[in-house]
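Summary of the model geometry
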Amino acid sequence: MNILAFESSCDETAAAVIDGGGVLRSDVVATQVDFHARFGGVVPEIASRMHVEAVDAMVDQALEQANCSIDSIDAIAVTQGPGLVGALLTGVAAAKALAMGRELPLIAVNHIEGHVSANYIASPELEPPFLCLVVSGGHTHLVVVRDYGVYELIGQTVDDAAGEAFDKAARALGLAYPGGPMIEKLAAEGNPKAYHFTRPRCENPLDFSFSGLKTALINTVHKLRQNGQDVPAADIAASFQLAVMEVIVQKAVTAALEFGRDKLALAGGVAANSLLRTMMRQECEKHGISFFRPEPVLCTDNAAMIACAA
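I will try to describe carefully the structure that is included in this document. (Residues numbered from 1 in each chain as written. Predicted model: local features only at pLDDT ≥ 70, side-chain atom pairs only at ≥ 80, totals over all residues. Heavy atoms only, no water.)

1. With respect to the overall build of the protein
When its secondary structure is counted, the protein shows 11 helices and 10 strands. The C-alpha radius of gyration of the protein comes to 20 Å, within 12% of the 19 Å expected for a compact globule of 310 residues. Dimensions along the principal axes, computed over C-alpha positions, put the protein at roughly 65 × 45 × 30 Å. Counting all 310 residues of the protein, 49% fall into the buried class. Considering only residue pairs separated by 6 or more positions, the protein has 69% of its internal contacts joining residues 24 or more positions apart. Separation between the mean location of the 22 positive side-chain charges and that of the 36 negative ones in the protein comes to 8 Å. (Helix = DSSP H or I, 4+ residues; strand = E, 2+ residues; numbered from the N terminus. Rg over C-alpha atoms; globule rule 2.2 N^0.38 Å. Buried < 20%, exposed > 50% of the residue type's maximum accessible area, 1.4 Å probe, protein only. Contact = heavy atoms within 4.5 Å. Lys, Arg positive; Asp, Glu negative; His and termini not counted. Charge placed at Lys NZ, Arg CZ, Asp CG, Glu CD.)

Right under this line is the structure:
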């Protein structure tokens, strides 16, 4: 069995082919990041139009890389949401048309489930049950994966997602989009102890809140500028990044211990952050928890994870 998958939830147009044994045969991505960077973020209408332009070529490349023809495809999979409505519509329309034209089954995949499933590609030995931390531009979730396709949400952000907070913090510091990688790069040059940002608390101890941290950084930058002082951007970025990661790691490990899970996995774009990966590995080792994470290329949006979930 071969499944051809589409992903177009935001600003990446992607296609992939996976076989019935879970072996990834191809994975291609056309990114729009450089184009949207000039606007400081994703422009939904532009993203949708660029998906239309790229989707056919991505399918052709995925089939060519997999060394197969459309005749050898047994099912079509596509991201059904969450995501930008217009962007999602492009992938869904293309997948529906191909499935109908070839009389193939169409499998709708939740985007977040796709991120979780990226771990099965990176670590074939991983099996449910386990705890998964999903951290991306739009989502920060703690999910108990009870079985394949069976999930329990035990914690989530009550305001900004972690990636969204990084993007807004980067904008305040005058950095380019996307903010997460820019903050991480700048933070490597700074002192993470230079500024103390108060760690937020939530009514549900496993929920997240990053709006206050983001506001604290913005107020710090504004105060320095109003006083005519230089803004030590590297120190502020390093201190902010440490604050966010400490909150994420502490809550994830606490959840794993509370729910009796000895396996913890990362998923989502922010999961590519090297500090998060290092801190999580260290904390998991302290508590005897097995730590799983996809390669950074599988953390950002891709069709391989959608194919694996399908």
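Okay, back to it.
2. Examining the environment of H139
Along the chain, H139 falls in the loop between strand 6 (130–135) and strand 7 (140–147). Taking the C-alpha atoms as reference points, H139 and P82, 57 residues apart in sequence, are found 9.8 Å from one another. Apart from residues no more than four positions distant in its own chain, H139 is found in contact with P82, I112, V134 and A161.

3. Describing the packing of aromatic side chains
Here the structure, examined in full by the defined rule, presents 6 aromatic pairs. An angle of 15° between the planes, with centres 6.0 Å apart, marks the rings of F208 and F210 as stacked. F208 gets classed as buried once you look at its relative accessible area, which sits at 0%. Linked through ring pairs, Y120, F130 and Y148 together constitute an aromatic cluster. Across from the ring centre of F208, 6.0 Å away, lies the NZ or CZ of K251, which sits over that ring. (Phe/Tyr/Trp six-rings, centres within 6.5 Å; stacked < 30°, edge-to-face > 60°. Lys NZ or Arg CZ within 6 Å of the ring centre and 35° of its normal.)

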